[in-house]
Amino acid sequence: METLSQNACFGGTQGVYRHRSALCNCDMTFGLFLPEEAKDGPVPVLWYLSGLTCTHENAMIKAGAQAWASEQGLALLFPDTSPRGDDVANDDAYDLGQGAGFYVNATQAPWAPHFQMYDYITAELPTLVFQEFPLDQSRQAITGHSMGGHGALTIAMREQGRFRSVSAFSPICNPTASDWGRKQFGAYLGSDETLWSAHDATHLMVERGFDGPMLLDTGTRDEFYNLLKPEALAHAASIQQQEAIIRYQPGYDHSYFFVSSFMEDHMNFHAEALYA
């Protein structure tokens, strides 16, 4: 693992690191904020999964999460959204290929040799960071924005018992019924749509739900609202009787202005679960 940068930040350290991923068959970069408490021992960690076109850097710089993480004594982990490199498959469209991994394991050409993002997020990267940094593996939570909200919700529901809480900002809630999902699942997973539901938060909610608290925020002026389909997940949560806070924020759009406006709420929500 290579240290690319380390900066003092709200009494802690914001680092950026690069490592060779065996699963993604390329170098992968991630950001990690460690609060001051990490000097004395392992601290709880909140995973933040970013959206389409993003790298590890977008939320690290724009979300304003470090101030609240420092206050709560939480680490923040910012993975990249996809494999990258000259030999990694890509597409001219912004919503497929590099920057658009959708947190699935691709089985189709030309994506399969590199796009193994589900296993990267749930297996390879956790193994690395828990070995190398003072993080408490028993106290994890997960959040994300847009495509990353989709990733956070689906990973939390599939990896039962791993995360104490899950939240999302304007998540893609029903990708099997959206152009933000059907296109990508068809490319990465193939034409058998029965395989897609394992990566659809609405389907997973009906099938199993989440074994902890959930917080979802979506702006009423989100320019991608029809692609996100939050009502589908809200309906599924009511069927499942899921412990969930589902909010529609008047006047807010899809941007990081929206994310940063409600970051304090999400940080406090996760801190309550992580320190329970």
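Being a predicted model, the structure only gives us computed values, none of them experimental.

Viewed as axis vectors pointing N to C, helix H2 (residues 65-72) and helix H10 (residues 263-274) meet at an angle of 30 degrees, and their least axial separation amounts to 9 Å. It follows that H2 is roughly parallel to H10 by the angle criterion. Crossing of H2 over H10 shows right-handed handedness. Only Met263, Glu264, Met267, Asn268 and Ala271 of H10 make contact with H2, whose side of the interface consists of Ala65, Trp68, Ala69 and Gln72.

Here we take up the pairing of strand S3 (residues 26-34). On a regular strand, one side chain projects to one face of the sheet and the next to the other, so that they alternate. Across the nine residues that make up S3, a large majority, eight, are buried. Bridge count for strand S2 (residues 12-21) against S3 is nine bridges, and the pairing is antiparallel. Paired with Arg18 across the bridge in S3 is Thr29. Hairpin geometry of S2 and S3 is characterised by an intervening segment of four residues between the two adjacent antiparallel strands and by a positive phi of about 60 degrees at Asn25.

Roughly 200 Å³ of internal volume is contained in the largest pocket. Lining the largest pocket are 13 residues; nearest its centre among them are Leu52, Thr53, His145, Phe224 and His254. Grouping the amino acids of the lining of the largest pocket by side-chain chemistry returns six nonpolar, six polar and one charged.

How each quantity is defined
Residues numbered from 1 in each chain as written. Predicted model: local features only at pLDDT ≥ 70, side-chain atom pairs only at ≥ 80, totals over all residues. Heavy atoms only, no water. Axes fitted to C-alpha atoms, helices over the stretch in contact; angles between N-to-C directions. Helix = DSSP H or I, 4+ residues; strand = E, 2+ residues; numbered from the N terminus. Parallel < 35°, antiparallel > 145°, perpendicular 65-115°, else oblique. Left-handed = near helix turned anticlockwise from the far one by under 90°. Contact = heavy atoms within 4.5 Å. Buried < 20%, exposed > 50% of the residue type's maximum accessible area, 1.4 Å probe, protein only. Pairing = 2+ DSSP bridges. 1 Å grid on protein atoms, 1.4 Å probe; cavity = no way out; pocket = protein on both sides within 12 Å on 5 of 7 lines; lining within 4 Å. Points joined across faces, edges and corners; volume = space filled by probe spheres on them. Nonpolar A, V, L, I, M, F, W, Y, C, P; charged D, E, K, R; others polar.

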